[in-house]
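# Observations on chain architecture
Now for the letters of each chain:
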Amino acid sequence: MRKVFFGVVITLIILFTFKYCGDKNEDRITLQENTALIQEQVKNVGKLVVTEGHFSEVFTYKNSKAIFGDFIEAEKRAIVIVNADVTIGYDLSLIEFEIDELTKTLRILSIPKEEIKISPDYEYYDIQADFLNQFEAKDYNEIKKTVNKSLMKKIEASDLKSNAQNRLLSELAKFYILTSTMGWTLEYNENPIESTEALQGLKL
């Protein structure tokens, strides 16, 4: 009778051991599947997000230089009309992140800065130049330099950058939706993101 009792106990222990190990294995497989899915989704979100704008500007360029001391002054001038297409983009493939399987946490470590590209088209009118002060390559370079500075100021004063950032946050919201539906946690700068509204307060 005692042998039968011990046999039953040993059998139950073996069965429970196999069941426990099997459950652990299933948990591990599920965790690995979740990790692979999160990695794939982060990769899919990693695209270029672009906001476009257009600016127009009219400049009057003037340059004069003294010849033979202050006896003669040679001048040159031109009217420059600039039409520029501007794009502000975030290359989300450059986002740095890590996946913590133990705590089921997706950590965003860094977000790339915006890339501003200006594509200007120049039209020159009413070009006037004295014989002793002709237009040269340096004049056109100076015009382009001045135009670029002016356009950057206009971009900063416009809502183009804020619109681009809003598009970025919309893409980041996909990370939150993904992690929350899978029971994971999303973190940025060691702070957990607990709602899509919390994304709006991120300091990028």
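Residues numbered from 1 in each chain as written. Predicted model: local features only at pLDDT ≥ 70, side-chain atom pairs only at ≥ 80, totals over all residues. Heavy atoms only, no water.

### Considerations on the overall build of the protein
- Each helix and strand in the protein was counted, giving four helices and seven strands.
- Along the protein, helices (α) and strands (β) appear in the sequence α-β-β-β-β-β-α-α-β-β-α when read from the amino end.
- Classification of the 204 residues of the protein by burial places 29% in the buried group.
- Considering only intrachain contacts with a sequence separation of at least 6, the fraction spanning at least 24 residues in the protein is 74%.
- Counting every atom, the protein has about 13800 Å² of accessible surface; 54% of that belongs to carbon and sulfur. (Helix = DSSP H or I, 4+ residues; strand = E, 2+ residues; numbered from the N terminus. Buried < 20%, exposed > 50% of the residue type's maximum accessible area, 1.4 Å probe, protein only. Contact = heavy atoms within 4.5 Å. Areas by Shrake-Rupley, 256 points an atom, 1.4 Å probe, with all protein chains shown as cover.)

### Structural notes on unusual backbone geometry
- The backbone of Asn189 sits at a positive phi, close to 55 degrees, despite the residue not being glycine.
- Within the element layout of this structure, Asn189 appears in the loop between strand 6 (185–188) and strand 7 (191–193).
- Classification of Asn189 by relative accessible area gives partly exposed; the value is 47%.
- Located in the positive-phi region is Glu190, a residue other than glycine, with phi close to 65 degrees.
- On the secondary structure map, Glu190 appears in the loop between strand 6 and strand 7.
- The class of Glu190 is exposed, set by a relative accessible area of 73%.

### Topic: the pairing of strand 3 (residues 96–100)
- Pairing geometry for strand 3 and strand 4 (residues 105–110), over five bridges, is antiparallel. Within the sheet, the bridge partner assigned to Asp100 lies in strand 4 and is Thr105.
- Connecting strand 3 to the antiparallel partner strand 4 that follows it, the hairpin turn spans four residues, and Lys104 within it adopts a positive phi of roughly 50 degrees. (Pairing = 2+ DSSP bridges.)

### Details of the pattern of salt bridges
- Within this structure, the stated rule accounts for ten salt bridges.
- Among the ionic pairs, Arg107 bridges to Asp100, the shortest N-O distance being 3.2 Å.
- Across the pair Glu187 and Arg107 runs a salt bridge, and its minimum N-O distance is 3.2 Å. With Glu187 in strand 6 and Arg107 in strand 4, this residue pair connects regions lying 80 residues apart in the sequence. (Salt bridge = Lys/Arg side-chain N within 4 Å of Asp/Glu carboxyl O.)

### Quick word on a nonpolar patch on the surface
- Judged by side-chain polarity, Val58, Ile79 and Tyr125 come together as a nonpolar surface patch covering roughly 270 Å² of accessible area.
- Structurally, Val58 can be placed in strand 1 (residues 48–67).
- Assessed through its relative accessible area of 58%, Val58 is described here as exposed. (Patch = residues over 30% accessible without salt bridge, like charges linked within 9 Å, V, L, I, M, F, W, Y side chains within 5 Å.)

### Focus: the nonpolar core
- If you look at the biggest cluster of nonpolar residues, it comprises 39 residues, and the most contacted ones within it are Ile108, Leu172, Phe175, Leu186 and Leu199.
- Residue assignment for this core shows that the elements contributing at least two residues are strand 1, strand 2 (72–91), strand 4, helix 2 (137–157), helix 3 (160–181) and strand 6.
- At nine residues, helix 3 tops the list of elements feeding residues into this core.
- Sequence-distant contacts of Leu172, defined by excluding residues within four places in its chain, comprise Ile95, Ile108, Ile111 and Leu199. (Core = buried A, V, L, I, M, F, W, Y, C linked by side-chain atoms within 4.5 Å.)

### Regarding helix 3
- Here helix 3 spans 32 Å end to end across 22 residues, near enough to the 32 Å set by a 1.5 Å rise per residue.
- Taken together, the buried positions of helix 3 are Leu160, Ala164, Leu168, Leu169, Glu171, Leu172, Ala173, Phe175, Tyr176, Leu178 and Thr179.
- In the stretch just after helix 3, Gly183 is the one whose phi turns positive, near 80 degrees. (Expected span 1.5 Å × (residues − 1).)

### Topic: the side chain of Thr179
- When you line up the elements, Thr179 lands in helix 3.
- On the basis of relative accessibility, which here comes to 1%, the residue Thr179 falls in the buried class.
- For Thr179, the side chain forms a polar contact with the main-chain oxygen of Tyr176, separated by 3.0 Å.
- Setting aside residues no more than four positions away along its own chain, Thr179 makes contact with Leu106, Trp184, Thr185 and Leu186. (Polar contact = N/O pair within 3.5 Å; in protein donor to acceptor, adjacent residues only side chain to side chain.)

### As for helix 2
- The first and last C-alpha atoms of helix 2 sit 31 Å apart over 21 residues, in line with the 30 Å expected at 1.5 Å per residue.
- Considered for burial, the residues of helix 2 that qualify are Asp139, Ile143, Val147, Ser150, Leu151 and Ile155. Around the axis of helix 2, the buried residues are gathered within 140 degrees of arc, so they sit on the same side. Summarising the geometry of helix 2, the exposed residues directed more than 90 degrees from the buried face are Ala137, Lys138, Asn141, Lys149 and Lys153. (Arc of directions from axis to C-beta.)

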